[in-house]
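Listed below are the residues making up each chain.
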Amino acid sequence: MNRMLLIAFREFLENVRTKGFWFGILMMPVVLLLVGIVPIIVENTRVAKSFAVIDETGVVMDAVKQEMSIRDFRYLLTDFSKGEEDMLPDFLAVFFPEVRALNEDTQEKIVNFLFHDGYLDTSLTRRLTNQLTQHRTAIIEWWQELSDEERSRFSGSMSSNYFRLMDVRNIDQLNEMIESEELFAYFVIGRNVVEDGSGAKYVSNNLTDRDLEIWFGELVSQYVRDQRLSHSDIDADIADWINEAVSFEGVTLGKDGETEEVDSTDIARQWAPVVFVYFLWISVMINTQMLITNTIEEKSNKLVEVLLSSVSAISLMGGKIIGIAGTGLTIITAWLIMALAFFIGLPLAAGIELPIDLSSVMADPWFLGSFVMYFLLGYLFYAALLVGLGSLCNNLKEAQNLIMPVQLIQMVPIFLMIPIGRDPNGSLAQVLSYIPPLTPFVMMNRAAGPPSTEEYVITTLLLIVSIIIAFWLAAKVFRVGILMTGKPPGVKEIFRLLRAPVTRRASN
Amino acid sequence: MNSIELESVNKFFGTHHAVSDMSFIVPEGAVYGFLGPNGAGKTSTIRMIMSILYPDSGVLRVLGDEQPERVKDRLGYLPEEKGLYKKMKVKEIITYFGTLKGMARRAAATAADQLLVRFGLDDAANKRCEELSKGMGQKVQIISTLIHDPALVILDEPFSGLDPINVELVRDIILDLKRQGKTVIFSTHIMEQAEQICDSILLINKGQKLIDGRVPEVKGRFSSTLLIEYEGDASNLQRKGIIRVNNMGNSAELSIEEGTDTQALMRELMDAVTLKSFTLKEPSLHEIFVRTVGESDA
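Residues numbered from 1 in each chain as written. Chains lettered and ligands numbered in written order. Predicted model: local features only at pLDDT ≥ 70, side-chain atom pairs only at ≥ 80, totals over all residues.

*Asks:* Looking at this model, I keep getting lost on the overall build of chain B. Mind explaining?
*Replies:* Counting its regular elements, chain B contains nine helices and 13 strands. Seen through its principal axes, chain B has C-alpha atoms that stretch 75 × 45 × 35 Å. Taking all 298 residues of chain B together, 40% fall into the buried category. Taking the contacts inside chain B whose residues are at least 6 apart along the sequence as the reference set, 69% of them involve residues at least 24 apart. (Helix = DSSP H or I, 4+ residues; strand = E, 2+ residues; numbered from the N terminus. Buried ≥ 20, exposed ≤ 12 C-beta atoms within 10 Å, placed from the backbone. Contact = placed C-beta atoms within 7 Å.)

See the structure below:
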């Protein structure tokens, strides 16, 4: 055992003291951060698509523009960019923070009150109700006089950030502009659009990016629907009532069976295991790969025989597996510390509010504990299989062919991550939990469920038994394979090795 | 006492009978040569002594112990194919191999320092192994083999691939070990080296022992050879009473059949070629090797 630890310690040191090792550890979060940030940057730097409209009715566009302006005003309340308070007129600045703090439903009622003569929510303070009533006209005027540029400073969600309306109506000129890519698309609203929807046309050279078409189509449809309702002599309130969509309130069952409201933290909690599975998978992959590389290097560097003159093949194998396990634990510990620092330390120290609050997930000992445990169990299982096969090979190329079947199995959890995350206690998830090569990943995946205690106990026992069997088989192959030179053996010969008895005096 | 005793040891690899009914004794303090062509079973025999492989049958006693893995720490082994961890430093790797042999880290480090000085490598102690020249690497491997002061040292083909300077270095190390009273076993297929250094030899071919014993004894079992320098047609050298002609152009080693009248034979040769010199002597190991291996292959 002592010798095994000596081997393990050397293996560990050799990996851990290279600069590349720490660089790799640091790169991981950097890459993840980039993956998270780049789409946001791309989104923010996106150039607004310019479009034009030929309105044959002469009335639809006025209504649509009015609706665009109202929607933008809604973003002023719901998605206000901090630091732009100075831009607000004094009469609005006085009570704006109070409006900002309201929930979206109440804010929606305020928008309705301002622009559609709707009723104010009775839950509002008298002071706020008075302010809104008093300044209603001033607010509407101020808002309608603002240019697109000015509005877009209040919020990144303003429509002009995405779509810019051009005031061109000559069809030849429009076609030319499309041709020269000055214009992304133009719409034609037919004369009889309210009556039968005919004559609506969308002209663009890009028919795959449908954002503009869908957005504008929805605006026009709403106008047409409103018109048809009013032409049918339906009371405006009834029309509103018909138009009103049902919005479901997200609720989950609490521990005591009571319903609780779902917020973003709950959703983060539901999906956090997927992130853990991904990291678990990467850690297991990296470390088993490292083990194989080290084993083959040692073999091709002709070190094996020297080592075997001092320690037994089993100690050598065990030492290598333990050493790389230590390396792996170092990697995941470093990652966990970085994650804790980012999700808990950073918000505390710098007072920055992260878009998703993961602090409760990150600090949950159950998640962290299962992550470390499943890393070790998963690693040990694959380490045994791969070190056995790797010992038969003289170079990495040979090894790649031989370990392909094992690596295919290793790929499976990645494909299962999302389906299991959606339904952590579904029958697919339950059945897969009992397949030892998948157990660590599937059970981690289900951590938000969470699975029952019996499931934890039985699957873990199954996995441990499998690990013991894998080690026993690996030992049989390793003690012969590690001294083998020349072509790696075929499947038949490997089975012959596996059938040979393992006793101390057994043939090698 | 004997350092190693083998009694009817057999080793199979699948159907291949790698070592067959092998019995021999290596006396303590001997410099013992394992001779034989490539693939004769030398390395398999050595690996069994080192408990890297286990015999399928027979008795194997190393330093008096029938379970050789128990005495592993008192053996030093330098395999034919050997390497070093490229990224490790010289002193570090020597110390590491010492600890693998059961030495305390501090004792191993002290021993490493002493050996590095003795081998003139003290300047290289902190170099990485990948920076070493081939000869220096060879020295580091030898130091790693000797760091724990083994009672029995086994060197598998220690001379293969070495330049003359390093051949001399290794030879001096073997002789030095002998002076210290250690038992040294080395395998080789170069007979001249064995002849220079060995007290005793074991000659094996195809997994079987052909001859073993002290070098003078072994030689005594073979008839003499006649070393001649000559001019003339070499085919005239082949005549009755001569078993084998090892012709080297201007000279030849003639193996003489037991009971041949050497005086008469020499007179015959004088008539056949122009004889410039001749010496009657015991056969070289090379000659014995070629004769016995040739016979066993026939």
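*Asks:* Just to check I follow, could you spell out the pairing of strand β8 (residues 200-205) of chain B for this structure?
*Replies:* Along a regular strand, successive side chains alternate from one face of the sheet to the other. Residues and elements named next belong to chain B. Among the six residues of β8, six are classified as buried, and the element is accordingly described as predominantly covered. Taking every second residue as pointing to the same face, both faces of β8 are buried, with Ser200, Leu202 and Ile204 on one and Ile201, Leu203 and Asn205 on the other. Where strand β3 (residues 31-35) meets β8, four bridges bridge the pair, whose relative direction is parallel. Bridging across to β8, Tyr32 finds its partner in Ser200. As paired strands, β8 and strand β9 (residues 208-214) are joined by six bridges and run antiparallel to one another. Paired with Leu202 across the bridge in β9 is Asp212. Counted between consecutive antiparallel strands, the loop separating β8 from β9 contains two residues, among which Lys206 sits at a positive phi close to 50 degrees. (Pairing = 2+ DSSP bridges.)

*Asks:* Just checking my understanding: could you explain the sheet that holds strand β1 (residues 49-55) of chain A for this structure?
*Replies:* Sheet strands pair via backbone hydrogen bonds, and the direction of the pair is either parallel or antiparallel. Residue and element names in this part refer to chain A. Read from one edge of the open sheet, four strands run β2-β1-β3-β4, paired in mixed fashion. Both edges of this open sheet fall to β2 (163-166) and β4 (201-204), since each of them pairs with a single strand only. Within the sheet, the average angular offset between the axes of one strand and its neighbour, ignoring direction, is 25 degrees. Direction of pairing for β1 relative to β2: parallel, over a ladder of four bridges. Residue Ala52 lies in a different strand from β2, and its bridge partner there is Met166. (Axes fitted to C-alpha atoms, helices over the stretch in contact; angles between N-to-C directions.)

*Asks:* Looking at this structure, how should I read the nonpolar core?
*Replies:* Note on soluble globular proteins: their nonpolar side chains tend to be buried together. If you look at the biggest cluster of nonpolar residues, it comprises 137 residues, and the most contacted ones within it are Leu280(A), Ala383(A), Ala384(A) and Ile154(B). Here the element with the most residues in this core is helix α17 (residues 365-390) of chain A; it accounts for 15 residues. Listed in part, the 17 residues of the second largest apolar core include Ala52(A), Val53(A), Leu183(A) and Tyr223(A). (Core = buried A, V, L, I, M, F, W, Y, C linked by C-beta atoms within 7 Å.)

*Asks:* I tried to follow the interface of chain B and chain A on my own but got confused; where do I start?
*Replies:* Interface size is commonly expressed as the accessible area that is lost once the parts come together. The partner chain A presents 17 residues to the 20 residues of chain B that form the contact. Counting only elements with at least two residues in the side of chain B that touches chain A, the list comes to β5 (75-78) and α2 (90-100) of chain B. In terms of residue count, the dominant contributor to the side of chain B that touches chain A is α2(B) (four residues). For the side of chain B that touches chain A, the per-class residue count stands at 12 nonpolar, two polar and six charged. (Nonpolar A, V, L, I, M, F, W, Y, C, P; charged D, E, K, R; others polar.)

*Asks:* I tried to follow the sheet that holds strand β4 (residues 57-62) of chain B on my own but got confused; where do I start?
*Replies:* All names here are of chain B. Overall, antiparallel pairing links the three strands, which are arranged β2-β1-β4 in an open sheet. Among the strands making up the open sheet, the edge pair consists of β2 (16-27) and β4. Taking each pair of neighbouring strands and ignoring which way they run, the sheet shows an average axis angle of 15 degrees. Alignment of strand β1 (residues 2-13) against β2, held across eight bridges, turns out to be antiparallel. Across the sheet, the residue bridging to Glu5 is Ile25, located in β2.

*Asks:* What's the story with unusual backbone geometry in this structure? I'm lost.
*Replies:* Note on backbone geometry: most residues besides glycine have negative phi, and most peptide bonds are trans. The backbone of Glu181(A) shows a phi angle near 60 degrees, a positive value even though the residue is not glycine. Looking at where Glu181(A) falls in the secondary structure, it is placed in the loop between α9 (171-179) and β3 (185-189). Judged by local crowding, Glu181(A) falls into the exposed class, with 10 C-beta atoms found within 10 Å. Although it is not a glycine, Glu157(B) sits at a positive phi angle of roughly 45 degrees. Relative to the elements of secondary structure, Glu157(B) occurs in the loop between β6 (152-156) and α5 (164-179).

*Asks:* It is not clear to me how the environment of Gly29(B) should be interpreted in this structure. Could you clarify?
*Replies:* Residues and elements named next belong to chain B. Tracing the backbone through its elements, the reader meets Gly29 in the loop between β2 and β3. Residue classification places Gly29 among the partly exposed residues on the basis of 18 C-beta atoms within 10 Å. With 81 residues separating them along the chain, Gly29 and Thr110 place their C-alpha atoms 26 Å apart. When near neighbours in sequence (up to four residues on either side) are disregarded, Gly29 contacts Gly181 and Thr183.

*Asks:* In this structure, what is going on with the domain arrangement of chain B? I would like to understand it.
*Replies:* Split by domain assignment, chain B resolves into domain 1 (2-214) and domain 2 (223-281). Taking only C-alpha atoms into account, the centre of domain 1 of chain B sits 40 Å from that of domain 2 of chain B. (Domains from an automatic or database assignment.)

*Asks:* Help me out: how do you make sense of the packing of helix α1 (residues 2-16) of chain A against helix α15 (residues 313-350) of chain A in this one?
*Replies:* Helix-helix packing is characterised by the crossing angle of the two axes and by the distance between the axes. All names here are of chain A. For the pair α1 and α15, the least separation of the axes is 7 Å and the interaxial angle reads 40 degrees. By the angle class used here, α1 and α15 are oblique. Note on packing geometry: the crossing formed by α1 with α15 is right-handed. On α15, the residues that touch Arg3, Met4, Ile7, Ala8, Phe9, Arg10, Glu11, Phe12, Asn15 and Val16 of α1 are Ser315, Leu316, Gly318, Gly319, Lys320, Ile322, Gly323, Ile324, Gly326, Thr327 and Thr330. Partitioning the contact of α1 with α15 into residue classes produces nine nonpolar, eight polar and four charged. (Parallel < 35°, antiparallel > 145°, perpendicular 65-115°, else oblique. Left-handed = near helix turned anticlockwise from the far one by under 90°.)

*Asks:* I'm lost on the environment of Gly249(B) in this one. Help?
*Replies:* All names here are of chain B. Summarising the element assignment, Gly249 is placed in the loop between β11 (242-247) and β12 (251-256). A tally of 7 C-beta atoms within 10 Å means that Gly249 is categorised as exposed. Through-space distance from the C-alpha of Gly249 to that of Ser223 is 23 Å; in sequence the pair is 26 residues apart.

*Asks:* Would you mind going over the environment of Asp72(A) with me for this structure?
*Replies:* All names here are of chain A. As for its placement among the helices and strands, Asp72 is situated in helix α3 (residues 60-78). For the pair Asp72 and Met338, spaced 266 residues apart in the sequence, the C-alpha separation amounts to 39 Å. What Asp72 contacts, discounting residues up to four positions off in sequence, is Arg151, Met158 and Ser159.

*Asks:* Help me understand the packing of α3(A) against helix α11 (residues 211-231) of chain A in this model?
*Replies:* Residues and elements named next belong to chain A. Relative orientation of the contacting elements α3 and α11 amounts to 115 degrees, with a least axis distance of 10 Å. Classified by the angle their axes make, α3 and α11 are roughly perpendicular. As for how α3 packs across α11, the hand of that crossing is right-handed. Here Val60, Ala63, Val64, Glu67 and Met68 of α3 come into contact with α11, specifically with Leu219, Val220, Gln222 and Tyr223.

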